[in-house]
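Remarks on the overall topology
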Amino acid sequence: MATSFSVRRPLQLGVSVSVLLMIALSTATASVNNGGSSGTPANQSVQATVTSSGRQADDEITCEDGLLLSVWEPQENLTAGDRIARGTVYFLALVYLFIGVSIVSDRFMAAIEVITSKEKEVKVKKANGEVQIVVVRVWNETVANLTLMALGSSAPEILLSVIEIIARKFKAGDLGPGTIVGSAAYNLFVIIAICVLVIPDGEVRKIKHLRVFFVTATWSVFAYIWLYLILAQITPGRVDVWEGFLTFLFFPTTVITAYIADRRLLVYKYISKQYRMNKRGVIIQAEAESALEMNNRDEKLNTIDENGGITEEVRDFEESRREYISTLKDLRKKYPQHDLEQLEVMAQEQLMNKGPKSRAFYRIQATRKMMGSGNIMRKISERAQSDLSEVKAELQRVDVDEVIEEDAVCKVFFEPGHYTVMESVGAFDVRVVRRGDLASAVTVDYETEDGSAEAGSDYIGKKGTLTFPPGVDEQRFQIEVIDDDVFEQDEHFYIRLSNVSDPATLSTPKVATVMILDDDHSGIFALVSKDHELIESVGVYDLKVQRYSGARGKVRVPYWTEDGTAKSGKDYEEQRGELIFENNEVEQTIQLGIIEEGSYEKDVLFYVNLGEPQQIGGIIEAAEAKPAEELTEEDKMALLGRPKAGDIVRAQLRIKESKEFKSLVKRIAILNNTVDKLVQRANASLLIGTSSWKEQFVEALTVSAGDDDGDNEGDEAPPPSCSDYIMHFLTLFWKIIFAFIPPTDMAGGYLCFVISIFSIGVVTAIIGDVASHFGCTLGIKDSVTAIIFVAMGTSIPDTFASKVAAIQDKYADASVGNVTGSNAVNVFLGIGLAWTIGACYHAFHGRYFEVQPGTLAFSVTLFCTEAFVAIFVLMLRRSPKIGGELGGPKKPKYLTAMFFFSLWLIYLILSSLEAYGVIKGF
């Protein structure tokens, strides 16, 4: 609840400030307009000449027809009540249009996600001449974020600027540029303030790709300095064609320089990375504050080589492997009762949850939660199950018709690349396959390597050579695991392929990981089920107690019955005693005597409890008897394997009359059958993309819970709340309209991309007309309407998306780093393209494209000054006292958020005062 309050509070303050400013500005304007003549209505005087700065030659702002919407007639003899009523209608229409443009923008973002997720297979040549084949994304992450992703999240602001130029007959306006600058201020000050605030106390998030952040931050500040220079210094009062075109060219320049910084090209190539070894003997890469940790045993997996060393893609693959192992170990400790298949599904789900997600993912998730369309995080468990099933189906498939190109390279690799076995497995098969040209014979060497498991004590080390005769695509060899009676932590080791003969090459994975799950624990003891229902005529009911996650040694488990509404001696026979589990015994039963008394509609309860299990004899009992200071390392390790109580140590038994019990059993059977069918029909499609129009219309017409986090294993989705239903029906019109946009799976997402951006343009054009009519009706200038209302309305979805990204991501790049890049792109694309069009049009007709500095130049200068301060504060927060741009100790966190929010308020107030001539601008 604290996090939710922290997020909503700044938004509520922002809306309150905006409304207060609206009232103050409209009141002040009305008093000015009415001051000249008491008998003349405010909007009835002669038409004014409005410049791009928002100033006017006369005392009147006259409403004019927009590109798509005409003004609300009549315009004469309007009372204050009429203006307030019309202003309210326009304001509500703006809010509804903002919702619509958010929904269609998410269809646009989904198309972008599909386009930028394309993958390809590439060959990577290492320094030793060895060739590896890895699958990588076609789009670089930095390039995608600064081009299509930035266009997707900022499309309304960019299109508004372009559409305004066309709607005003190629004359400069205030709404488009003002919205872009106002949106930049909101993004940098308000969004970052919220992101700082929502991180749990004591946690921090820092920017991982610091080089890219510095580049985009520099360009974002330069963009607004450049606007000031061309407006007030280079060619005051006009924009030439070369200025507009150069502004637009800064966009690809920003992308290229950010890409160079990300890939360490040109000058970055000669900036050496710094490495150090910590106290634990772990090598750490210190460059860009991004720690790349490698255990000395795994150093061969991540060769530290700046010139021709292992590539980032291969390193990411190995890091994912280690993270999967770590996750699987943690889940096994947390859920020892689950089998390996369940743990693998849960591990896959957690990796998908914790893994880096695109800007599109967070944007779409935020909008869906706000609009009552559910949380797409709920699809992750379905996707994890689907992915795992597909992998296992692929491994079990025997008769597969493979289409192999005649000149295909023969690739040799492990399939699968990860094995999870019990310590008692004995020996197991390891599978090596080759794909591609099978015409020639191929040999490849294999050898085991120690990880946390050691050859000789945990497994039998092995090395040898596999030979693939012509036409053979698979070979297997066995690895033997040593089973002992000593409890120890789960361990792992590696098997490496090397020295493959020509013409074959090694492909990923060329190193297989084997994880050994220890089964020497004394066991975890629990009841099979928490709730039991039985008929009174059963006589004796067998209550099962299970032992899992180890079965070493002899263990006693005390148990006893406890009265509820059922009474011992009347409804059941009291029991108290101990169960004795012998070595390797995994199940015992408690026999409960049920007394039949022939009661009508009997329904009574009693309970059975399990006590703390105790080891009988052996090293564990001896270690438990020793004082803590006398325990040896062997004793401490043995105590880790002592018997434990499981999750279910108290069972509730309900005794019912026989007839009703039979009916209940029937209902349960029907329910289970229904659940099975629902599971079989589970949707396993992509999290964001859509495959058919049917799927889109079903989603549009379905209301789902928006407050569901979707991150708890096994939880059922909660029912929609009242607010979810309200938002769903309010937005149903937009959902149905935009469900007609082609699905993302059609034409690779490009058709959805084109239709979506056209739809955004149409809605944005209406927003521009309504915003102008709203402002002139209440006497608010376009420049003020833009920075307060339009900028905030178009940025609300990004606010919630950044908030979710800040909480869920390990780093701050998705929430903070994208703000600076987006601010730069907005200027270079939005203003650069619009002004290039305007300048070319006027140059063709032999005129200058006039753009008066006025409010825009003042607003830009004010924003640049505050942006310098904000970025400096973010860098200060990387000091050891706080540790990162977001979060940190409670006091600095709240002070930073308040400071950033105050910068936004100062920006709004000073820009508005300058627009009305209260303070002097340019």
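Shown above is the structure to which this text applies.
Every value quoted in this text rests on a predicted model; they were computed, and no experiment measured them. (Residues numbered from 1 in each chain as written. Predicted model: local features only at pLDDT ≥ 70, side-chain atom pairs only at ≥ 80, totals over all residues. Heavy atoms only, no water.)

Points about the nonpolar core
If you look at the biggest cluster of nonpolar residues, it comprises 121 residues, and the most contacted ones within it are Phe189, Tyr224, Trp835, Phe863 and Trp904. Counting residues per element, this core draws most heavily on helix H4 (residues 175-198), at 17 residues. With sequence-adjacent residues up to four places away left out, phenylalanine 863 is seen in contact with Ala184, Ala185, Leu188, Phe189, Tyr224, Asn823 and Tyr907. Core analysis: the second largest hydrophobic core is formed by 27 residues, Leu466, Val500, Leu506 and Ile516 among them. (Core = buried A, V, L, I, M, F, W, Y, C linked by side-chain atoms within 4.5 Å. Buried < 20%, exposed > 50% of the residue type's maximum accessible area, 1.4 Å probe, protein only. Helix = DSSP H or I, 4+ residues; strand = E, 2+ residues; numbered from the N terminus. Contact = heavy atoms within 4.5 Å.)

Remarks on the pattern of salt bridges
On inspection of all chains with the given rule, the structure shows 13 salt bridges. Linking aspartate 201 and lysine 893 is a salt bridge whose minimum nitrogen-to-oxygen distance equals 2.5 Å. One end of the pair, aspartate 201, is in the loop between H4 and strand E3 (204-205); the other, lysine 893, is in helix H21 (residues 890-915), with 692 residues separating them in the sequence. You can call aspartate 201 partly exposed: its relative accessible area is 46%. Take lysine 893: its relative accessible area is 2%, and that puts it in the buried class. Look at the salt bridges and you will find they share partners, linking Glu415, Arg431, Arg435, Asp473, Glu474 and Arg476 into a network. (Salt bridge = Lys/Arg side-chain N within 4 Å of Asp/Glu carboxyl O.)

Describing helix H6 (residues 241-263)
Taking 1.5 Å of rise per residue, 23 residues should cover 33 Å, and H6 covers 34 Å from first to last C-alpha, within 8% of that figure. Every buried residue belonging to H6 is among Glu243, Gly244, Thr247, Phe250, Phe251, Thr254, Val255, Ala258, Ile260, Ala261 and Asp262, and all of these are buried. (Expected span 1.5 Å × (residues − 1).)

Observations concerning unusual backbone geometry
In this structure, the amide linkage connecting glutamate 415 to the following residue, proline 416, adopts the cis form with an omega of 5°. For proline 416, the position within the fold is in the loop between strand E8 (411-414) and strand E9 (418-422). Between threonine 508 and the following residue, proline 509, the backbone shows a cis peptide bond with an omega angle of 5°. Mapped onto the secondary structure, proline 509 falls in the loop between strand E15 (505-506) and strand E16 (511-517). Not every positive phi belongs to a glycine, and phenylalanine 170 is a case in point at roughly 65°. Inspection of the secondary structure assignment puts phenylalanine 170 in the loop between helix H3 (141-167) and H4. Residues other than glycine seldom take positive phi values, yet asparagine 499 does so here, at roughly 50°. Looking at the element boundaries, asparagine 499 is found in the loop between strand E14 (491-498) and E15.

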